[in-house]
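Observations on the three-dimensional arrangement
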Amino acid sequence: MMTHNTADERCPMNDVERELITRRRLLKSAAAMSTLAMSGTLGTDNCRSADQPAAGANLTQQENAREGATDWQLTRVHVDRNDGCRSPAIEGYCSRQSVAAGDKLQSMVSTEPAEKFHIEIFRSGYYGGRGARLMTTLGPFDGQVQPVPTPDERTLHECRWQPATELTIPADWPSGVYLRRLTTLPPRDERPYWQSYVVFIVRDERPAAVLFQCSDNTWQAYNGWPYQSSLYTHPKGGQGAWADVSFDRPYGREAQYSAIVNDPLSVGSGGYLMFEFPLAYWLEQQGCDVSYCSNSDLISPDRGLQCKAFLSVGHDEYWDIRQYQSVVQMRDAGVNILFLSGNAVCWVSPFKPSHDGRDNRIIFRGGPYGGSNQWVEPRVREHGPFPERGPDEGYL
């Protein structure tokens, strides 16, 4: 059974729209492949079909030769209101955006009502067309109702939930985007189960052909959890420097569901499944040697300097100024820079630490990129002052 509150049924696609979407996907794939080929990133040394791995296969090819999961997507979700994003039956977040092998990662989970639950962890990829591999299952755990924080004057909602579990990332988990599927375990035949995701990134330090940067700053900037609480909903307005948002809260329903994509079965995955997973799937299908990172991993250029190409993917709007400086250094060192994204490098989003001192857990809109062009000056005039100002992103 699949239950959700959505506008999907009100807006059925007609045949013309389906054809346009199919053609658009084909053109995007062709353009991506052509761009990567011209950059010198694709080649027999860096990419080989994951369906036909050969001797000397790279790490991505070896990983995708493993058996994929047939059941990794959400099957029952419940959003609390028609214009809301919470999944209060079960929802959660992680203590860090990205982790490396050997790092510890905490999972904070709330269930309402209090309910037992378990966690399945999947790595997303190609896997013969299945799209993900089950890495481990944790639990069952005793769920509890955890509090919604009271916002401050900057409308910051920073949860301080008790962790349900702590996991040390195994050494054999390759870099990738991982999804924790949370599932309630109600007494049999009494009530239905509910699910949501928690997304996190496993990074590594190996030289790789492609570094895939997830746009998680932008996922968080638009995240409305618990209700209309993003960088765009401050009482003073949606374009100033007045609001903070925290990574210490669940990702709700995809924030742009009313304008771009409406997929309630992605609750908890930020913008990854809608905007970025298709390219990750395609790259791994092609057997490309790809590694993954978060926006916060690029405040230093060190990771990118080990790779041949850097990809900005999806909706990559919010960058700390140090990310920009890192990519400039990478470009000047000969790393290929590809923006397979929209509205990229639009706002300077400085990182701030969490209440307990964890780095890079809060962002805000610090000011626009764009130098002194005609699009930036009105923003500064109408919504400033801003504490920061970024250079023209076109120079990248």
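Summarised in this report is the structure supplied together with it. Keep in mind that what you see is a predicted model, and the values were worked out from it rather than measured. (Residues numbered from 1 in each chain as written. Predicted model: local features only at pLDDT ≥ 70, side-chain atom pairs only at ≥ 80, totals over all residues. Heavy atoms only, no water.)

**A closer look at helix H5 (residues 321-332)**
Over its 12 residues, H5 extends 17 Å from the first C-alpha to the last, a length consistent with the 16 Å expected when each residue adds 1.5 Å. Burial in H5 covers these residues: Ile321, Gln323, Tyr324, Ser326, Val327, Val328 and Met330. The backbone nitrogen of Arg322 has a side-chain oxygen 2.8 Å away, supplied by the residue at the start of H5, namely Asp320. Gly334 occupies a position one or two residues after H5 and carries a positive phi of about 100 degrees. (Helix = DSSP H or I, 4+ residues; strand = E, 2+ residues; numbered from the N terminus. Expected span 1.5 Å × (residues − 1). Buried < 20%, exposed > 50% of the residue type's maximum accessible area, 1.4 Å probe, protein only. Polar contact = N/O pair within 3.5 Å; in protein donor to acceptor, adjacent residues only side chain to side chain.)

**Overview of the pairing of strand S9 (residues 208-213)**
Buried residues dominate S9, accounting for six of its six residues. By the bridge criterion, five bridges tie S9 to strand S12 (residues 307-315) in an arrangement that is parallel. Each bridged residue has a counterpart across the sheet, and for Ala208 the counterpart in S12 is Cys307. Direction of pairing for S9 relative to strand S11 (residues 290-293): parallel, over a ladder of four bridges. Note on S11: the bridge partner recorded for Phe212 is Tyr292. (Pairing = 2+ DSSP bridges.)

**A short note on the packing of aromatic side chains**
Under the definition given, this model contains 17 aromatic pairs. A ring pair is formed by Trp219 and Tyr272, whose centres lie 6.5 Å apart and whose planes are at 55 degrees; its orientation type is tilted. Taken together, the positions of Trp219 in helix H3 (residues 216-222) and Tyr272 in helix H4 (residues 272-285) put the pair 53 residues apart, joining distant regions of the chain. Both residues of the pair, Trp219 and Tyr272, belong to the buried class. (Phe/Tyr/Trp six-rings, centres within 6.5 Å; stacked < 30°, edge-to-face > 60°.)

**A short note on the nonpolar core**
Formed by 47 residues in total, the largest nonpolar core has its most connected members in Trp72, Phe212, Leu273 and Leu283. If you list the elements that add at least two residues to this core, you get strand S7 (176-184), strand S8 (195-202), S9, H3, H4, S11 and S12. No other element matches H4, which puts eight residues into this core. Residues Ala89, Met135, Phe141 and Tyr178 belong to the second largest nonpolar core, which totals 21 residues. (Core = buried A, V, L, I, M, F, W, Y, C linked by side-chain atoms within 4.5 Å.)

**What about empty space enclosed by the protein?**
Remark: the empty space left among the atoms is shown by a probe the size of a water molecule rolled over them. Tallied over the full model, the rule gives three cavities of 30 Å³ or more. Its volume calculated, the largest cavity comes out at about 140 Å³. Lining the largest cavity we find 17 residues, and of these Arg96, Gln97, Val199, Phe247 and Tyr251 sit closest to its centre. For the lining of the largest cavity, the secondary structure elements donating two or more residues are strand S1 (91-94), S8 and H3. By residue number, the principal contributor to the lining of the largest cavity is S8, which donates five residues. (1 Å grid on protein atoms, 1.4 Å probe; cavity = no way out; pocket = protein on both sides within 12 Å on 5 of 7 lines; lining within 4 Å. Points joined across faces, edges and corners; volume = space filled by probe spheres on them.)

**Focus: the environment of Ser230**
Among the secondary structure elements, Ser230 is positioned in the loop between H3 and strand S10 (244-246). Residue classification places Ser230 among the buried residues on the basis of a relative accessible area of 5%. For the pair Ser230 and Gln220, spaced 10 residues apart in sequence, the C-alpha separation works out to 7.6 Å. Those residues in contact with Ser230 that lie beyond four places of it in its chain are Ala221, Tyr222, Asn223, Gly224, Ala243 and Val245. Within the structure, Ser230 has its side chain in polar contact with the backbone nitrogen of Tyr232 (distance 3.0 Å). (Contact = heavy atoms within 4.5 Å.)

It is worth stressing that arrangement in space is one thing and function is another; only the former is reported here.
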